[in-house]
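Analysis of the macromolecular model
Listed below are the residues making up each chain.
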Amino acid sequence: MSNLPILYSFRRCPYAMRARIAIKLCKIKVELREVLLKKIPVEMSKISPKSTVPVLIFPNGKVLEESIDIMNWAFNKRNIDYINNSKNKNQETIKRFITKFDTKFKYHLDRYKYYTRYIAENDIKTPEYHREECLKILFEIETLLENNSLWLFDNKPSYLDIAILPFVRQYRIADMNWFDNEMPLSNIREWLNRFLVWDTFEKIMIKNPLWKNSQTKIYFGQD
Ligand SMILES: N[C@@H](CCC(=O)N[C@@H](CS)C(=O)NCC(=O)O)C(=O)O
């Protein structure tokens, strides 16, 4: 067992992005194990039978298997004033939107982006219907962005920006042409573009080889 926490991650997973951003911003060194969702290694499923990413395991055996718990752990371990201040000030809004994104937004996003996977469901509608349901939630964010700031609460990315932007990125990817040219919410488009060129985001998206038990360790988080 390594003397560092081990983060099981999948590069394109929005939940894993949350965790990697928090760890990166806090400059916490972890061992990174890139996995495939279709082929979760037994070392991970043994410690986290629900086998979703991200998972963080500590040298003492403690396991965090929810992205929000990993974010909270990182931001508690290393205080970043602008993150923790805006987190404390906006608790209600943050909770409301994270719940909305993790439930309703994700539900409709999956049915918009991966429509054919859900075609057998009784209540499946058209992809455009599901796109529109996501857009209604984004409309609420659009209003928050009418604040003359670059990000949701300030001119620096906040806890809530980090928690929800990975899902907006996926929403764009479902139909980039539509998002870039026809999606009616211009603040949302600019906000996502800002995220995509944010240096921290670029750093957490660097490709790593898939983890194999025998390979040299990959470290992540320290600068
Ligand atoms: N509530 C979990 C959700 C994590 C999650 O669903 N991750 C996806 C990848 S984006 C996953 O592992 N899916 C595989 C599965 O559900 O079997 C969290 O916040 O960490």
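Below you will find a few notes about this structure. Since the structure is predicted, the reported quantities are computational estimates derived from the model, not experimental observations. (Residues numbered from 1 in each chain as written. Predicted model: local features only at pLDDT ≥ 70, side-chain atom pairs only at ≥ 80, totals over all residues. Heavy atoms only, no water.)

**Some words on the packing of aromatic side chains**
So the rule is basically this: Here a Phe, Tyr or Trp ring, Trp counted by its six-membered ring, pairs with any other such ring whose centre lies within 6.5 Å, and the pair is stacked when the planes are under 30 degrees apart, edge-to-face when over 60, and tilted otherwise. The helix count covers DSSP runs of H or I at least four residues long, the strand count covers runs of E at least two residues long, and both are numbered beginning at the N terminus. Burial classes: relative accessible area under 20% of the type maximum marks a residue as buried, over 50% as exposed, and values in between as partly exposed (1.4 Å probe, protein chains only). Note on criteria: charge over ring means Lys NZ or Arg CZ within 6 Å of the ring centre, with the direction from the centre no more than 35 degrees off the ring normal.
Overall, the coordinates contain 12 aromatic pairs when judged by the stated rule. Relative to tryptophan 198, the ring of tryptophan 151 lies with its centre 5.8 Å away and its plane at 55°, an arrangement referred to as tilted. On the criterion of sequence distance, the pair formed by tryptophan 151 in the loop between helix H6 (127–144) and helix H7 (159–174) and tryptophan 198 in the loop between helix H9 (186–196) and helix H10 (199–204) is long-range, its members being 47 residues apart. Between phenylalanine 195 and tryptophan 198 the ring centres are 6.2 Å apart and the planes differ by 40°, which places this aromatic pair in the tilted class. Taking relative accessible area as the criterion, phenylalanine 195 reaches 0% and is therefore assigned buried. Site record: aromatic cluster; members linked through ring pairs are Phe101, Phe105, Tyr112, Tyr171, Trp178 and Phe179. One cation-aromatic arrangement involves arginine 111 over tyrosine 107; the distance from NZ or CZ to the ring centre is 3.7 Å.

**Structural notes on the site of the ligand**
Note the cut-off: We call a residue near a molecule or strand whenever a single non-hydrogen atom of that residue lies within 4 Å of it. Pairs of N or O atoms within 3.5 Å make up the polar contacts considered here, provided that, within protein, one atom can donate a hydrogen while the other can accept it, and that residues adjacent in sequence are counted only when both atoms are side-chain atoms. Per-residue and other accessible areas follow the Shrake-Rupley method at a 1.4 Å probe size, with only the shown protein chains counted as cover for residues. In the scheme used here, Gly and all other residues not listed as nonpolar or charged are polar, with Ala, Val, Leu, Ile, Met, Phe, Trp, Tyr, Cys and Pro taken as nonpolar and Asp, Glu, Lys and Arg as charged.
Around the ligand sit Cys13, Pro14, Tyr15, Leu37, Thr52, Val53, Pro54, Glu65, Glu66 and Ser67, and that is every residue in its neighbourhood. One of the side-chain N or O atoms of glutamate 66 is found 2.7 Å from a nitrogen atom in the ligand. The contact in question runs from an oxygen atom of the ligand to an N or O atom on the side chain of serine 67, over 2.6 Å. Here the ligand loses 68% of its free accessible area of 510 Å² to cover by the protein chains. Its residues placed into classes, the shell around the ligand shows six nonpolar, two polar and two charged.

**A look at a positive patch on the surface**
Filter applied, for reference: Exposure above 30% relative accessible area and the lack of any salt bridge qualify a residue for a patch; like charges then connect within 9 Å, and the nonpolar side chains Val, Leu, Ile, Met, Phe, Trp and Tyr within 5 Å. Just to be clear on terms, a salt bridge is a Lys or Arg side-chain nitrogen sitting within 4 Å of an Asp or Glu carboxyl oxygen. Counting rule applied: Lys, Arg positive; Asp, Glu negative; His and chain ends not counted. Where a charge lies is defined by one atom per residue type: Lys uses NZ, Arg uses CZ, Asp uses CG and Glu uses CD.
Positive charge collects at one region of the surface, where Arg12, Lys38, Arg117 and Lys207 lie side by side. Turning to its location among the elements, arginine 117 is positioned in the loop between helix H5 (91–113) and H6. By relative accessible area, which is 60% here, arginine 117 ends up exposed.

**Some points on the pairing of strand S1 (residues 6–9)**
Applied cut-off: Note: two strands are recorded as paired if DSSP finds a minimum of 2 bridges between them. Clockwise travel from the first strand over the helix to the second, with the strands pointing away from the viewer, marks a crossover as right-handed.
A two-sided burial pattern is seen for S1, the buried positions comprising Ile6 and Tyr8 on one face and Leu7 and Ser9 on the other. In this structure, S1 lies alongside strand S2 (residues 30–34), joined through four bridges in parallel fashion. Counterpart to isoleucine 6 in the pairing with S2 is glutamate 31. Handedness of the crossover is the feature at issue here: the chain leaves S1, passes through helix H1 (residues 14–25), returns alongside S2, and the resulting connection is right-handed. Examined bridge by bridge, S1 and strand S3 (residues 55–57) share three bridges and lie antiparallel to one another. Bridging across to S3, isoleucine 6 finds its partner in isoleucine 57.

Distances and angles like these do not, on their own, reveal function.
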